[in-house]
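Fold and geometry: a report
So you can see what is in the structure, the chains are spelled out below.
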Amino acid sequence: MNRVRQRIQYIFIASFFSTIFLFAFIGSPAQKVGYGKPHLLKRGNYAQLIVDNKPFIITGGELGNSTASSARFMESIWPKLKKLNLNTVIAPVYWELTEPVEGKFDFQLVDDLISNSRKNNFKLVLLWFGTWKNSMSCYVPEWMKMDQQRFPRTQNSTGKTEEIITPFSLNALQSDKKAFIQLMRHLKEIDSKQQTVVMIQVENEIGMLPEARDYSSAANDAFNRPVPAALINYLASNKNSLLPEIKQVWESKGFKTSGSWEDVFGKSLATDELFMAWYFGAFVEEIAKAGKNVYDLPMYVNAALNRAGRKPGEYPSAGPLPHVMDVWKAAAPSLDFFSPDFYNPDFKYWNDLYTRSSNPLFIPEHKFEPGVDAKALYAIGHYKAIGFSPFSIESTNQPEKEPIRNAYQIIQQLSGEIGKANPQNLEGVLLSLEQDSVTINHGDYVLTVTHPYNLSWAPKTNDWPLTGGIIIALPNDEFYVGGTGLVISFKSISGSQVGILKIDEGKFVNGIWRPGRRMNGDQDHQGRHLRIDVNDYSIQRIKLYQYK
Ligand code: DGJ
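About the cut-offs
- Residues numbered from 1 in each chain as written.
- Predicted model: local features only at pLDDT ≥ 70, side-chain atom pairs only at ≥ 80, totals over all residues.
- Heavy atoms only, no water.
- Buried < 20%, exposed > 50% of the residue type's maximum accessible area, 1.4 Å probe, protein only.
- Helix = DSSP H or I, 4+ residues; strand = E, 2+ residues; numbered from the N terminus.
- Arc of directions from axis to C-beta.
- Contact = heavy atoms within 4.5 Å.
- Near = heavy atom within 4 Å.
- Polar contact = N/O pair within 3.5 Å; in protein donor to acceptor, adjacent residues only side chain to side chain.
- Areas by Shrake-Rupley, 256 points an atom, 1.4 Å probe, with all protein chains shown as cover.
- Pairing = 2+ DSSP bridges.
- Axes fitted to C-alpha atoms, helices over the stretch in contact; angles between N-to-C directions.
- Phe/Tyr/Trp six-rings, centres within 6.5 Å; stacked < 30°, edge-to-face > 60°.
- Lys NZ or Arg CZ within 6 Å of the ring centre and 35° of its normal.
- Salt bridge = Lys/Arg side-chain N within 4 Å of Asp/Glu carboxyl O.
- pLDDT = per-residue confidence, 0-100.
- Parallel < 35°, antiparallel > 145°, perpendicular 65-115°, else oblique.
- Left-handed = near helix turned anticlockwise from the far one by under 90°.
- Nonpolar A, V, L, I, M, F, W, Y, C, P; charged D, E, K, R; others polar.

**Comments concerning helix 9 (residues 229-237)**
Taken together, the buried positions of helix 9 are L231, I232, Y234 and L235. Looking straight down helix 9, one finds its buried side chains confined to an arc of 160 degrees; they lie on one side. Along helix 9, exposed side chains directed more than 90 degrees from the buried face belong to A229 and S237. Buried residues along helix 9 sit against helix 10 (244-251), helix 11 (261-265), helix 12 (269-294) and helix 13 (325-331).

**Comments concerning the site of the ligand**
In the vicinity of the ligand, the residues found are N65, K133, N134, N204, E205, D341, Y343, E365 and F391. At a separation of 2.9 Å, an oxygen atom of the ligand approaches a polar side-chain atom of N65. K133 places a side-chain nitrogen or oxygen 3.1 Å from an oxygen atom of the ligand. Protein chains bury 77% of the 290 Å² of accessible surface belonging to the ligand in isolation.

**Focus on the sheet that holds strand 9 (residues 197-204)**
Pairing is parallel in the closed barrel, where eight strands are placed in the order 4-5-6-9-10-11-12-13. Taking each pair of neighbouring strands and ignoring which way they run, the sheet shows an average axis angle of 30 degrees. Two strands pair when backbone bridges link them, and strand 4 (residues 58-62) and strand 5 (residues 88-94) are joined in this way by three bridges, in the parallel orientation. Across the sheet, the residue bridging to G60 is T88, located in strand 5. The strands touched by helix 14 (residues 347-354) are strand 10 (299-304), strand 11 (337-342), strand 12 (362-366) and strand 13 (387-390); relative to strand 11, the strand with the most contacts, the crossing angle is about 170 degrees. Against the sheet, helix 16 (residues 403-420) makes contact with strand 4 and strand 13, and its axis sits at roughly 165 degrees relative to strand 13, the strand it touches most.

**A short note on the packing of aromatic side chains**
One pass over the full model with this rule turns up 36 aromatic pairs. Note on W95 and W143: the rings are 6.4 Å apart at their centroids and 90 degrees apart in plane angle, and the pair reads as edge-to-face. One end of the pair, W95, is in helix 4 (residues 95-98); the other, W143, is in helix 6 (residues 142-145), with 48 residues separating them in the sequence. Given a relative accessible area of 0%, W95 falls into the buried group. Residue class for W143 comes out buried when judged on its relative accessible area of 15%. Measuring from ring centre to ring centre gives 5.7 Å for F168 and F275, while their planes differ by 20 degrees; the resulting arrangement is stacked. Of this pair, F168 sits in the loop between strand 8 (161-165) and helix 7 (170-191) while F275 sits in helix 12, placing them 107 residues apart in sequence. Ring pairs connect the aromatic residues F168, F223, W261, F265, F275 and Y279, which therefore count as one cluster. Lying over the aromatic face of Y215, R213 brings its terminal NZ or CZ to 4.1 Å of the ring centre.

**Considerations on the pattern of salt bridges**
All chains considered together, the criterion is met by 17 salt bridges. In this structure, D52 and K123 form a salt bridge, with 3.3 Å as the shortest nitrogen-oxygen distance. Of this pair, D52 sits in the loop between strand 2 (46-51) and strand 3 (54-55) while K123 is found in strand 6 (residues 123-133), placing the two residues 71 residues apart along the sequence. Between E369 and K375 there is a salt bridge, with the nearest N and O atoms lying 3.9 Å from each other. Take K375: its relative accessible area is 7%, and that puts it in the buried class. It is possible to trace a salt-bridge network through shared partners that takes in K367, E369 and K375.

**A look at the environment of R185**
Here R185 lies in helix 7. Residue R185 is classed as partly exposed on the basis of its relative accessible area, which comes to 40%.

**Section: the confidence of the model for the protein**
Per-residue confidence for the protein gives a mean pLDDT of 94; residues scoring 70 or more make up 94%. When pLDDT is averaged over each helix and strand of the protein, the minimum, 43, is found for helix 1 (residues 2-26) and the maximum, 99, for strand 5. In this model, residues 10-34 is a region of pLDDT below 50 whose contacts with residues beyond four sequence positions or in other chains number six contacts.

**Let's talk about the packing of helix 15 (residues 372-382) against helix 16**
Between helix 15 and helix 16, the least distance of the axes is 8 Å, while the angle of their chain directions is 15 degrees. As far as their axial angle goes, helix 16 and helix 15 are roughly parallel. When you trace helix 15 past helix 16, the crossing you get is right-handed. Across the interface between the two elements, V372, D373, A376, L377 and I380 from helix 15 touch P403, I404, A407, Y408, I410, I411 and I418 from helix 16. The class makeup of the residues in the contact of helix 15 with helix 16 is 11 nonpolar, no polar and one charged.

Here it is, written out as structure tokens:
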């Protein structure tokens, strides 16, 4: 009996001290309030999305615009999404269906999305299709469309109205804000414990068409008033770190700090675009800020990318594009980042622009086309992206054959290592006929990564699939390489010879590396390189050594 009592005392004392230890080093539960919510964690120039208290990489798919408007239609879509190995579904919330009668809200579609996502173990990013969707106001409720007096439209320079609600309409702002607050309140009520919804996109591809700015009377008034002090202050206090495009426009009039838009920035389409960017941004800020006050999830806006040679208005002017991003930042500080939508081939070019000024990269839309698998790997490895997502993901008829599912499996398996890795130990590659080889320096090592169609025994063709991968450097001359279509050879900077000590193909099971095949002989060209063939998707762990 005494022994039992002693045991109980011992357990009690041990658990008392371990609780004290946990509180001291990890923080008491009280200190952790709000910590568990999805949020962004800044890491130098990058950011991680933290979900369930762990770094989370979105291997996502965005639904086509009308797909989520019917729960019944969605029934046949869920199994498809599962086969694609997504961990996140990106889906619209339609204002017109959420508030069909002013002031009466219906969140049935949102509830269906959440319950089915939970059943399938998906997270959700919700897209608020509010006042603007691809410039237009097609998703505003009928009661808004029909009341032009209360909800005025933009006008072009000849006075013609467009089906675009003007950002100068206070009524529109109030209505959008009210509906968005209801949405966030609803999410807080039903999801703040389980946290299926991890981010919110506010509006969709905002931008002015068919001219660079709105010419309605409210817009003209604002255009002739002084540039708001908040923008001038932002420009002045960030003068040394402004992006070059806006700095140039401001410099052209001698960095003026007061006057109308044309006084400060000159008379040009660039000025018209900056003007609209400010007012679009200010409108979105009100909505995002109000939504975050209710339920603080990460929020962002997405942009339709402009094509070379097109003028603002020929492309959706004043969306959150790189050349006006500083204005968006000043106008909408509640937004966490700005995202590119890719229907444009220049993947590296735009990602380079979108990652300036430490803007975290999230690619909510990429045309669902061959090569998205390689681009997803590259975006996560090279740009440390928060996530990637082809658009209209459900459009495939053969989900089990889509290469993106293999790339997603690799990213998900590597996600623990990616989450832990110091950004400089993480790289990504994207290879093609045009860029068939890249070199990566790490410590004393130089890695030359080449497309397998460069090998002497490769098929002779000009039809090279895009290939790509993620490389994570570990201590002690080791690397994980995950991807498709990569051949890597190794040299040292110091001049020693570099040999392959061993390569294992393997998998992560519950975060633990489980080696499978030892990749030697023909598989590593008798110790000359690491290779993952085209159409093969795998993870290999390599250990190097040096000899004289
Ligand atoms: C970009 C938009 O953001 C999407 O909602 C969709 O309209 C695609 N373009 C094209 O289908």
